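# Secondary and tertiary structure notes
Here's the letter readout for the chains.
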Amino acid sequence: MTILTTEALFNIVNGSTLLASGGGGSIKTAYSFVSQIIETGKPITLSSSNKMKNSDYGVVVGAMGSPESFEKIGLQGAEKRAVEVMQDLNESKKITFTISVETGSNIFVAMLAAAKTLDPALIIDADGAGRSVPTLSCLSYSSQINITPFVVLNAPHGKALVEGNIVLNLPHISDKDSDGAAKKKAQASIIENMVRPILSSEGSFDGVGAISGWIMNGDQAQSALVPNTISMAQSIGGALNQFATDGKNVVHLIAAFLKLEFGIPLYSLSENNAPFTLTSKESVSQGGFDFNKLSFTQTVNDRVRELIVINQNENLLIWDKDKDHPLTICPDSICMLGKLDETIKDDILAGLSSLSDIEKEKADTSLSGWHGLSVEDIVEGQEVYLFSLPSPETLKNDNKEVFSALAKQFGYYGSYESLDKLLTKEDI
């Protein structure tokens, strides 16, 4: 078990935003939750899932809905109620740890929930995807753990100051059921379809809410989750802070780091590892999702390339306008790296007034260097490095139909193709 320092939390923001495939919420949202965690005065303990016992129980806690609404509204304490209500619904199972839904800002929702409700404030070094994903049925544990009881909680804001806790229940599916995995995944889709309209309701949720569900014991956590995701994000964030900010070979540096430390290959999307420029960003919020179309251009040897990223809360597909097939297909990740726009950086730092001067200085250092970027953090005209990373095998094997359906709604009806077939692996 590891006690996370403030600097470790900043590094996790950086690394998890990079790994989140353009989603998972903005850096501003992540820092808002880090600030709240620090304000509790309670240290966060990170533990490997294999350290948990069968008698230990944890719950998945997170935010669900539009990342734009998440940034504007926050959760207003709903993450605390998420654990409390789940504990009331499962009196015989004492909750001792929280679990992040995915990689991204939701890590800090689970941490804050633990800080406000558990002693010690314990979070598992794992989540359901190793990246951010748009729907509940995309998650690694959606076919292994019963999703219900499932709780949806509003974030009291504006005139909607009443706290609302909506509890959803479906029949329990036995682990002995021969069709149990398919049934559990189907129930995750049912809950998804029930919750999205709730989140979209105006005047009560306004696009975002806290959720909790998938209560599981230590043994189940070890088998159902993607391991070591938070510690990996911390390591990556720390490495990015060490890279020279004026370096032009940052993609090669991060590729070497990922290969050496984690055995993960990186697939560059650019020629000569040069940056792209974001030329346009088209966005619309609908049905509890943010839909984005990002256009990037790059000029190499007087030749202009244009790449199009399709994003539903997270980057799902990327196309080269001169080719007849995608360059990366979900669930593989499309990562964005660059320097934060100064206005966005200053806005984040301005929201950290409760931190000490030393903590603010460390935050400034992390935000001033190379940083993972979400779709919420990039602005037109910004230079962005693009590359792809392979997803955990469980997403490609157990959830390929779910990701295929996501790709189809954006016009790609072909089969999933691995990065080895679509791109060139960065030579280390």
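Scope of this entry: the structure provided in the associated data block. (Residues numbered from 1 in each chain as written. Predicted model: local features only at pLDDT ≥ 70, side-chain atom pairs only at ≥ 80, totals over all residues. Heavy atoms only, no water.)

Check the secondary structure of the protein and you find 14 helices and 19 strands. Seen through its principal axes, the protein has C-alpha atoms that stretch 65 × 55 × 45 Å. Relative to its full complement of 428 residues, the protein shows a buried share of 58%. When contacts within the protein are restricted to residue pairs at least 6 apart in sequence, long-range pairs at least 24 apart make up 77% of them. (Helix = DSSP H or I, 4+ residues; strand = E, 2+ residues; numbered from the N terminus. Buried < 20%, exposed > 50% of the residue type's maximum accessible area, 1.4 Å probe, protein only. Contact = heavy atoms within 4.5 Å.)

The next subject is the layout of surface pockets. Computed from the structure, the largest pocket encloses a volume of approximately 390 Å³. As for the largest pocket, its lining consists of 20 residues, of which M232, I264, P390, S391 and P392 are closest to the centre. Where the lining of the largest pocket is concerned, the elements lending two or more residues are β10 (226-227), α8 (229-242), α9 (250-262) and α12 (393-398). By residue number, the principal contributor to the lining of the largest pocket is α8, which donates three residues. Partitioned by chemical class, the residues of the lining of the largest pocket number 10 nonpolar, seven polar and three charged. (1 Å grid on protein atoms, 1.4 Å probe; cavity = no way out; pocket = protein on both sides within 12 Å on 5 of 7 lines; lining within 4 Å. Points joined across faces, edges and corners; volume = space filled by probe spheres on them. Nonpolar A, V, L, I, M, F, W, Y, C, P; charged D, E, K, R; others polar.)

Here the focus is the environment of S69. Positionally, S69 belongs in helix α3 (residues 67-73). For S69, a relative accessible area of 14% gives the class buried. Beyond its immediate chain neighbours, meaning those up to four positions away, S69 contacts G74, D206, G207 and V208.

Attention now moves to the side chain of N217. Positionally, N217 belongs in strand β9 (residues 208-217). Since its relative accessible area comes to 11%, N217 is described here as buried. A distance of 2.8 Å separates a polar atom in the side chain of N217 from a polar atom in the side chain of N54. (Polar contact = N/O pair within 3.5 Å; in protein donor to acceptor, adjacent residues only side chain to side chain.)

Applying the stated criterion to the full structure yields nine aromatic pairs. Each residue in the set Y141, F150 and W214 is aromatic and connected to the rest through ring pairs, giving one cluster. The ring of F289 has R196 lying over it, and the distance from NZ or CZ to the ring centre is 3.8 Å. Above the face of the W370 ring, K339 is positioned so that its terminal group lies 4.3 Å from the ring centre. (Phe/Tyr/Trp six-rings, centres within 6.5 Å; stacked < 30°, edge-to-face > 60°. Lys NZ or Arg CZ within 6 Å of the ring centre and 35° of its normal.)

Between D119 and the following residue, P120, the backbone shows a cis peptide bond with an omega angle of 5°. Positionally, P120 belongs in the loop between α5 (106-117) and β5 (121-124). Cis geometry marks the peptide bond from C330 to P331, where omega comes out at 20°. Locating P331 in the fold gives a position in the loop between β16 (326-329) and β17 (333-338). The backbone of N301 sits at a positive phi, close to 55°, despite the residue not being glycine.

Time to look at helix α4 (residues 78-89). Taking 1.5 Å per residue as the helical rise, α4 with its 12 residues ought to reach 16 Å, and the 16 Å between its terminal C-alpha atoms agrees with that figure. Here α4 has its buried residues at A78, E79, R81, A82, V83, V85 and M86. (Expected span 1.5 Å × (residues − 1).)

A few words on the nonpolar core. Counting residues in hydrophobic clusters, the biggest one holds 138 residues, and the most contacted among them are F108, M111, Y141, F150, W214, I254 and F296. In terms of residues, this core owes the most to one element, α5, which gives nine residues. For W214, the contacting residues outside a window of four places in its chain are G58, V59, V60, L136, L139, Y141, S142, I145, N146, I147 and F150. (Core = buried A, V, L, I, M, F, W, Y, C linked by side-chain atoms within 4.5 Å.)

On to helix α1 (residues 6-19). Think of an α-helix as 3.6 residues a turn; residues three or four steps apart then line up on the same face. Here α1 contains 14 residues, and its C-alpha end-to-end distance of 20 Å stays within 8% of the 20 Å for a straight helix at 1.5 Å per residue. Of all 14 residues that make up α1, 13 are buried, and the element is covered over most of its length. A positive phi of about 60° marks S21, the residue just after α1.

Relative to the helices and strands, R81 resides in helix α4. R81 gets classed as buried once you look at its relative accessible area, which sits at 6%.

The next point concerns the pattern of salt bridges. Inspection of the entire model under this criterion finds 14 salt bridges. E271 is the partner of R303 in a salt bridge, and the nearest nitrogen-oxygen pair spans 2.0 Å. Pair noted here: R303 is in strand β14 (residues 303-312) and E271 is in the loop between β11 (267-268) and β12 (276-286), with a separation of 32 residues, a long-range link. Among the ionic pairs, D364 bridges to K345, the shortest N-O distance being 3.6 Å. Separated by 19 residues along the polypeptide, D364 in helix α11 (residues 357-368) and K345 in helix α10 (residues 342-350) bring together distant segments of the chain. For D364, a relative accessible area of 32% puts it in the partly exposed group. Of the residues examined, K345 reaches a relative accessible area of 9% and is grouped as buried. Through salt bridges that share partners, E342, K345 and D364 make up one connected network. (Salt bridge = Lys/Arg side-chain N within 4 Å of Asp/Glu carboxyl O.)

Per the stated rule, a full pass over the model turns up one cavity of 30 Å³ or more. Size it by volume and the largest cavity reaches roughly 240 Å³. Lining the largest cavity are 22 residues; nearest its centre among them are A63, M64, G65, E102 and N106. Elements that contribute at least two residues to the lining of the largest cavity include exactly β3 (57-65), α3, α6 (180-200) and β9. For the lining of the largest cavity, the element with the highest residue contribution is β3, accounting for three residues.

Geometry only, nothing functional implied.
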